[in-house]
Amino acid sequence: MLRAVLFVALVLVLSCSARAAPQSITIDYEQAVGLAAKWILQKEFGPARKMLAKLEEAYPADPQVRFLEGQLAFAEGDYGRAVAIYRRMLSKDPGLLRVRLELARAPFAARDYAAAQYHFEIALGQTLNEQVREKIFAFLRAIRGRTSWFRLSAVFGPDSNPSFATDARTVDILGTTFLLNPDARAKRSFGADVTAQARYAFGEDNRYFVGGALEHRDYAGSYADSDALELTVGRSAVVGEALWAAEFGPLLADYQGKGLYHGAIVRLSNARPFGERLLSNSYLSLKRLVYPDYDYLTGDQYWAGTTLRYALDPTAGVSASVSIGRDFARDAPFSNRAVQGALGYSKELPARFNVQMQVSASRYVYDEPAPLFGADRTDRLMQVDLVVTARDWSFSGFAPTLTLSAGRNDSTIPLYSYTRRFAGIGITREF
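This is a predicted model, so every value here is computed, not measured.

Rules behind the numbers
- Residues numbered from 1 in each chain as written.
- Predicted model: local features only at pLDDT ≥ 70, side-chain atom pairs only at ≥ 80, totals over all residues.
- Heavy atoms only, no water.
- pLDDT = per-residue confidence, 0-100.
- Contact = heavy atoms within 4.5 Å.
- Helix = DSSP H or I, 4+ residues; strand = E, 2+ residues; numbered from the N terminus.
- Expected span 1.5 Å × (residues − 1).
- Buried < 20%, exposed > 50% of the residue type's maximum accessible area, 1.4 Å probe, protein only.
- Patch = residues over 30% accessible without salt bridge, like charges linked within 9 Å, V, L, I, M, F, W, Y side chains within 5 Å.
- Areas by Shrake-Rupley, 256 points an atom, 1.4 Å probe, with all protein chains shown as cover.
- Salt bridge = Lys/Arg side-chain N within 4 Å of Asp/Glu carboxyl O.
- 1 Å grid on protein atoms, 1.4 Å probe; cavity = no way out; pocket = protein on both sides within 12 Å on 5 of 7 lines; lining within 4 Å.
- Points joined across faces, edges and corners; volume = space filled by probe spheres on them.
- Nonpolar A, V, L, I, M, F, W, Y, C, P; charged D, E, K, R; others polar.

Visitor: Give a detailed account of the confidence of the model for the protein, specifying residues and quantitative values.
Guide: This prediction gives the protein a mean pLDDT of 88; 94% of its residues lie at or above 70. Note on residues 1-21: pLDDT is under 50 here. Beyond four places in sequence and across chains, it has 24 contacts.

And the structure:
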């Protein structure tokens, strides 16, 4: 009703000639919005900006005006401002499909592919026509297979057991009970866990790539410090709706400042949609690890797994993953068969926070009894992780996170049983 009776008085400068005098005309809301949209498409950003400023003055909370301001920011290459506008709109109404898609497109244009992937995937939770859905799948294939990107996450905080040491006070060896040295038991420390991943795509259609992953753990006293590095080169290919990738390269790790292992990995992965809202990511890998100082651990590892993600609605999704592994160590008591599984849930809260929760479990069964203990070894690990991201507090593309984690490993040999709890604050780009 208000829009039907209110008029916006705007002064337009007609530049037909240098001598032309300014004229005053009166147009209604719909005409003003239409002109602003037209000027944005025609890249006449000056008049569009002035028109939107007047509209913002007259209708300060109007979603259509806010959306056009985001469109103008995107057209001018100010992707950060466009993202901020779209995020504020979705905080008020998460069901705005066009806004969600534009929010995915803006970080994609800014090469922030982690955020773009997140929003394209969550957009699948809405009712979409086939053409829009296929475009989303095409964007996701491009992100996974044809783009160059860099991702960084860091978490800092207290850890009750960063070295995954036993919580037992005594241990039985060949029928004799020994009191464990305090240095061999779990102890609390403050530290950091930093993860960086990168990918550089090149060649015909960007189908070839070089990838890398680095994890750095640094704790007070250095007793739990570690580094792990993976470098690969590979190629991706699109077959129908599926993206395939094959890669290989070296691995190495150190622990407490000393070399732990070196080796190589070969990995085949597949990503594809199933139906309208279900996405899958599967892999098959072979690792060859050589432990110079622990020769009995040297051997091959075979792993295969898949992760399924289902978009529930415009703000939430669930995931399920399962992996199976076979570790052939040089000494049979250290060889094992493993199975891992996880269930996850993610939700965008109206209070401008994102919440991710995951419950995971694993079971390792070792081939032969441990020599010193004379008993079969089976380990069962349960872990719960909660991550809260303040999506509206972002700075330079990073948002603050709060991470809470609790896990318990129960082993048939008490020396390998432990409890671990972690609380930390950090940063992420995946929101």
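The structure having been displayed, the exposition proceeds.
Visitor: Please provide a residue-by-residue account of helix α6 (residues 97-109), values included.
Guide: Helix length check: α6, at 13 residues, gives a terminal C-alpha distance of 19 Å against a target of 18 Å (1.5 Å per residue), a fit within 8%. Those residues of α6 lying buried are Val99, Arg100, Leu101, Glu102, Leu103, Ala104, Ala106 and Pro107. In this structure, the buried side of α6 is in contact with α4 (63-75), α5 (79-92), α7 (113-123), α8 (130-145) and β14 (336-349). Backbone geometry just downstream of α6 places arginine 111 in the positive-phi region, at approximately 65°.

Visitor: Describe a nonpolar patch on the surface, with residues and values.
Guide: Together, Tyr200, Phe202, Tyr208, Val210, Val233, Phe248, Val266, Leu286, Tyr302 and Phe328 make up an exposed nonpolar region whose accessible area comes to about 900 Å². If you list the elements that add at least two residues to the nonpolar patch, you get β6 (189-202) and β7 (208-219). Its location among the elements puts tyrosine 200 in strand β6.

Visitor: Please provide a residue-by-residue account of empty space enclosed by the protein, values included.
Guide: It is a probe the size of a water molecule, rolled over the atoms, that shows where empty space is left. As enumerated under the stated definition, the model contains two cavities of 30 Å³ or more in all. Lining the largest cavity, in full, are Phe137, Leu140, Arg141, Arg144, Glu241, Ala271, Arg272, Pro273 and Leu279. Taken together, the elements giving at least two residues each to the lining of the largest cavity come down to α8 and β10 (258-274). Top contributing element to the lining of the largest cavity by residue count: α8, with four residues. Residues belonging to the lining of the largest cavity are distributed by class as follows: five nonpolar, no polar and four charged. The computed volume of the second largest cavity comes to approximately 30 Å³. Contributing to the lining of the second largest cavity are Arg87, Leu90, Arg100, Leu103, His119, Glu348 and Arg391. Listing elements by their share of the lining of the second largest cavity, those giving two or more residues are α5 and α6. Broken down by class, the residue content of the lining of the second largest cavity amounts to two nonpolar, one polar and four charged.

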